[in-house]
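A closer look at the structure
For reference, the chains in residue letters:
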Amino acid sequence: MAEAADIKGTGPSPARRWLRRTLTVAVGAPLLAGLLQAPVTASPAAAAPSATAAEDATGSKTVDVSLDTLTPSTPVEGDTVTVTGTVTNRGKKAVTDAVVELRVGPRMSSRSEIEQVTGRTGYRDDSDPAPVRDAPTAEVPELGAGLSADFSISVPVSDLGLDEAGVYQLGVSLTGQTPDRPYGRVLGIERTFLPYQPEATEKKTQITYLWPLIASAHVSAETATDDQQTPVFEDDALAAELRPGGRLDQMVTLGKDLPVTWVIDPDLLATVDAMANGYRVKDGSLHVPGTNKELAERWLGELEKAVQGHKVVALPFADPDLASLAHRGKDVPGSLGHLQSATALAGVTVETVLHVQPSTDFAWPVDGAVDPAIVSVATSAGADKVIARSDSVRDDLSYTPTAARPLGNGSTTAVVSDALLSTAFEGDMVRAERSTLAVQEFLSQSLAITLEQPEKQRSVVVAPQRVPSVAQAQTMATALRGLSGRRWSQPSDLVAAATAKPDPNASTAVPGSSRYPKKLRDRELPVQAFRDMKTTRDELDDFKVVLTSPARVVTPFGNAINREMSTSWRGQTRAATIYRDNVQGYLQRLTKGIQLVDKSDLTLSGRSATIPVTVQNKLLQGVDHLVLRLTSNNRNRLEINGERVAELPVKVGAGHSQSVKFDATANVNGQVPVTAQLYTEDGTPYGKPMSFTVKVSEITPTVMLVIAGGVLLLVLAGVRMYSQRKRLAASRAAEAEAAGETDGDEETEDAEDAEEAEDAEEAEEAGETDGPGADGPDAEPARDDADGPEQPSDPTPDTGPESGDPSATGEKVDR
């Protein structure tokens, strides 16, 4: 009622307020006193310490126990299990009276239980078994702070208490004491698993293990200028992987003796084959010969022998990133076309290099993660089988179903690899402990699968990481050797796994796009990458139509564009961008090898003349199917071939230039801008236009008449002066003869010399040029420039390689 009164705004009476305060103080005082005097207690949540807190409280993480080897990994009756490792004191106080013991049990009842045990760290008294009774131990009298000690324990299988077949927990613990706690307790423990199946099961699980041979892209779009088009590599880093002990060398060496299905990127084969046949490597602006030809030959030879008798699956050329294409690239026109060409190239490459017939109808998205878009893209190029993973296509079942099942509408087969087995060897496998634990967990999980439904035979696929390291590959090989006894499994291949009878209870639904992992989506190729590929492809399409040997550029550039879509670029954004820029830049340099030579402005001194335009080809092959279009921007002043626009075909040999001539007719004096542009035969502009100005400057008939009259007057004046001088010389000669003829021959010669000198002087004054003249007797006659293209910037047709510099200014085209 009081609350109701408060809500309505009618407050309590003063007496009632006094009574309420009194009761509050009387009740609250004892509670406050209790809170002040009692010790602080934890909240209910804190009252129940976590497992980690319990482990820390016991000090079970004081010593790090490293389990380095466990042999045999899959023991049978009569075997002796040997465990070796190292114990390291991580605490600040010495450990004394320590002993290393084995703890076996209990038997695991499911795969999920194995996974739970894997996640434990410190010792748990409520879940970890007691030490094996009467089993040998390893004593460590004293272990100083930060120090380590090795141990080795061997126990007969009969003493381990393995009552029946199954997977058992195997713990290796160190029990000791420290100065602050002088009593024995577990200071460190490491857990692993012991798969025990002494006799073969009736129904063995068929295990298909994929063995991937995939590497990053190393070949550029450039080739050498020789007839073989020797490929040019961006770097020579692949050689380190091919050398003995290298990653790819180990994959072949280990895989040849294992029951695996080889999954190969054909680009890797093409790259190594190119190395084996001679290659060049970029070194700054130079291309230097590659030096690892013999290394590549050896690796290819070993691989060819290793794949004999095994199934080989060829991925699309360069292993395109299907998820990136589905999420970022399929809306960019032409992107799916690259996937189709990459798929078509895959089988041919593998068969040519390895001489085996591969399967090409499998698609493998990154980490087996799929959604509707990925499945649609993966099958668009002809693949009807998709390698997915069970953490993407999830089955709500208590057992592991067969890998193959129809997906979506049933036209696509999903081969769902097991997520736990496929990721068993990720991470750092260099440390012996990590490798040993991974092997034991893999073997135990495989046995647990068989024991889930021992009356049914199922097919399981393992699809490991795409590019295993050397240590990871060695660990994978060790695990597969552990299955060699075939007591609960038998090897199979991917083709057989894809055709196995599906489990009717297995999921066939394609996961929604919202379930695609964000960490994978964040590492996809950006949309700009596919736009860059489209730009390169479009420029290549325009370029190839004008070449006499288009295959010399189509093949290397097509392969380079495929490499731009490779899955190997994930996590290498900058390197991927540089590679795309290099491919596009090189193509643009090639296309600029066909260009118009710049012309200077020219003068047309007449009503008609020929205008030559030079096309230069710096390529190593001829160009054809080009048209040169010359456009007059003012037809009223200047016509070209009788029109405003004229076109002539262009065909230029390798390393040559060609002058294309157009007939020009001037109607009015003045300047006319002219534009020259190359086009392909279908009307697509090729290259940049080139502009120049034609100045029309005609000499009129009146001007010519005045000039002719002036010349005539000069000639007449010269003739008159010459006649007068001749008469004067004759008169002087007659007078000299009359004066006497006895002067002798010398005087006569002097008179004749004087007369000749006077004649020469008169002729020079009159402007006569007849006779030998100053140019000498071998001078050639002047040439009429109206009959040919002899312009400063226009060479004769079909010349050899020449300078592409612009012509001299003031170019003049005469009548």
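From a predicted model like this one, the values you see are computed outputs, not experimental measurements.

A few words now on the overall build of the protein chain. Helices and strands together make up the secondary structure of the protein chain, namely 22 helices and 30 strands. A total of 815 residues make up the protein chain; the buried ones form 46% of that total. Across the protein chain, every contact between residues at least 6 apart in sequence was considered, and the portion connecting residues at least 24 apart equals 78%. Total accessible area computed for the protein chain in this model is approximately 40,100 Å², and 51% of it derives from carbon and sulfur atoms.

A word on the sheet that holds strand β16 (residues 385-389). Taken together, the 4 strands give an open sheet; going across it, the order is β15-β16-β18-β17, and neighbouring strands pair in mixed fashion. Looking at which strands have only one partner, the edges of the open sheet turn out to be β15 (362-363) and β17 (404-407). As defined by bridge partners, β17 adjoins strand β18 (residues 412-417) across 4 bridges and the pair is classed as antiparallel. Of the residues in β18, the one forming a bridge with L407 is T412.

Note on placement: Q588 falls in helix α20 (residues 573-591). C-alpha separation for the pair Q588 and T536, spaced 52 residues apart in sequence, amounts to 8.8 Å.

The end-to-end C-alpha distance of helix α19 (residues 551-564) is 20 Å, a good match for the 20 Å that 14 residues give at a rise of 1.5 Å each. The set of residues buried in α19 consists of V553, P556, F557, N559, A560, I561, N562, R563 and E564. Those residues of α19 hidden inside the fold are in contact with β9 (219-223), α8 (266-276), α11 (335-354), α18 (527-544) and α20.

Within the largest apolar cluster, 78 residues are counted, with the highest numbers of intra-cluster contacts made by F543, F557, I594, L628 and L630. Not counting residues up to four positions away in its chain, the partners in contact with F557 are A221, L540, V583, Y586, L587 and L590. Counting 66 residues, the second largest nonpolar core, distinct from the first, contains V167, Y209, A448 and A473.

Okay, the sheet that holds strand β5 (residues 148-156) next. One open sheet accounts for 3 strands, arranged β1-β2-β5; its pairing is antiparallel. Since the sheet does not close on itself, it has two edges, and those belong to β1 (63-71) and β5, each with one partner. Each strand of the sheet is rotated relative to its neighbour by a mean of 20°, with strand direction disregarded. Across 8 bridges, the pairing between β1 and strand β2 (residues 80-89) is antiparallel.

Remark: α8 packs on α11, axes separated minimally by 9 Å, with the N-to-C direction vectors making an angle of 45°. For the element pair α8 / α11, the angle class is oblique. Both α8 and α11 take part in a crossing whose hand is left-handed. Contacts from P266, L269, A270 and D273 in α8 reach A346, T349, V350, V353 and L354 in α11. In the contact of α8 with α11, the residues fall into 7 nonpolar, 1 polar and 1 charged.

For the structure shown, the criterion picks out 6 aromatic pairs. Measuring from ring centre to ring centre gives 5.7 Å for F557 and Y586, while their planes differ by 15°; the resulting arrangement is stacked. Here F557, found in helix α19, pairs with Y586, found in helix α20; they are 29 residues apart in sequence, far enough to count as distant. For the pair F557 and Y586, one class covers both residues: buried. When the centroid spacing of 5.5 Å and the interplanar angle of 40° are considered together, the rings of W569 and Y579 count as tilted. Here the residue W569 occupies a position in the loop between α19 and α20, and Y579 occupies one in helix α20, the gap between them amounting to 10 residues.

By the definition in use, this model includes 30 salt bridges. Ionic pairing is found between E241 and R247, a salt bridge with its closest N-O pair at 2.7 Å. Classification of R247 by relative accessible area gives buried; the value is 11%. For the salt bridge of D267 with R563, the shortest nitrogen-to-oxygen distance reads 2.9 Å. Highlighted residues: D267 in helix α8 and R563 in helix α19, separated in sequence by 296 residues.

Moving on to the side chain of R458. Examined against the element boundaries, R458 turns out to sit in the loop between α14 (432-452) and β19 (459-462). Polar contacts involving the side chain of R458 include one to the main-chain carbonyl oxygen of I449, which spans 2.4 Å. When sequence neighbours within four positions are dropped, the list of residues in contact with R458 reads K204, T205, Q206, Y399, T400, T402, I449, T450, E452 and Q453.

As a further point, take unusual backbone geometry. The omega angle of the peptide bond from T71 to P72 is -10°, so this bond is cis rather than trans. Relative to the assigned elements, P72 resides in the loop between β1 and β2. For D97, which is not glycine, the phi torsion reads 50° and is therefore positive. Relative to the elements of secondary structure, D97 occurs in strand β3 (residues 95-108).

Moving on, we get to a nonpolar patch on the surface. A cluster of nonpolar side chains, contributed by V711, V715 and V719, occupies part of the molecular surface with about 240 Å² of accessible area. Inspection of the secondary structure puts V719 in helix α21 (residues 701-739).

Bringing the environment of D624 into the picture now. By the element assignment, D624 lies in strand β24 (residues 623-632). Considered as a pair, D624 and E681 are 57 residues apart in the sequence and their alpha carbons are 9.4 Å apart. With near-sequence residues (within four places) excluded, D624 lies in contact with V545, V546, T548, V650 and K651.

Per-residue confidence for the protein chain gives a mean pLDDT of 84; residues scoring 70 or more make up 82%. The low-confidence segment residues 760-815, where pLDDT is below 50, has 86 contacts with residues more than four positions distant or belonging to other chains.

For the rest of this paragraph, the subject is helix α5 (residues 111-118). By the burial criterion, the buried members of α5 are R111, I114 and V117. Down the axis, α5 shows its buried residues gathered within 120° of arc, on one side only. Where the residues of α5 are buried, they touch β3, β6 (166-178), β7 (181-196), α13 (419-422) and α14.

As a further point, take the environment of T536. Tracing the chain through its elements places T536 in helix α18. Between the C-alpha atoms of T536 and L587, which are 51 residues apart in sequence, the distance is 7.6 Å. The residues touching T536, leaving out its near neighbours within four places in the chain, are I561, V583, Q584 and L587.

If you trace the backbone, T205 turns up in strand β8 (residues 205-213). Taking the relative accessible area as the measure of exposure, T205 reaches 3% and is therefore buried. Once residues lying within four places of it in the same chain are set aside, the contact partners of T205 are I449, T450, R458, V460, W488, S489 and Q490.

Here is what the cut-offs are and how they apply
- Residues numbered from 1 in each chain as written.
- Predicted model: local features only at pLDDT ≥ 70, side-chain atom pairs only at ≥ 80, totals over all residues.
- Heavy atoms only, no water.
- Helix = DSSP H or I, 4+ residues; strand = E, 2+ residues; numbered from the N terminus.
- Buried < 20%, exposed > 50% of the residue type's maximum accessible area, 1.4 Å probe, protein only.
- Contact = heavy atoms within 4.5 Å.
- Areas by Shrake-Rupley, 256 points an atom, 1.4 Å probe, with all protein chains shown as cover.
- Pairing = 2+ DSSP bridges.
- Expected span 1.5 Å × (residues − 1).
- Core = buried A, V, L, I, M, F, W, Y, C linked by side-chain atoms within 4.5 Å.
- Axes fitted to C-alpha atoms, helices over the stretch in contact; angles between N-to-C directions.
- Parallel < 35°, antiparallel > 145°, perpendicular 65-115°, else oblique.
- Left-handed = near helix turned anticlockwise from the far one by under 90°.
- Nonpolar A, V, L, I, M, F, W, Y, C, P; charged D, E, K, R; others polar.
- Phe/Tyr/Trp six-rings, centres within 6.5 Å; stacked < 30°, edge-to-face > 60°.
- Salt bridge = Lys/Arg side-chain N within 4 Å of Asp/Glu carboxyl O.
- Polar contact = N/O pair within 3.5 Å; in protein donor to acceptor, adjacent residues only side chain to side chain.
- Patch = residues over 30% accessible without salt bridge, like charges linked within 9 Å, V, L, I, M, F, W, Y side chains within 5 Å.
- pLDDT = per-residue confidence, 0-100.
- Arc of directions from axis to C-beta.

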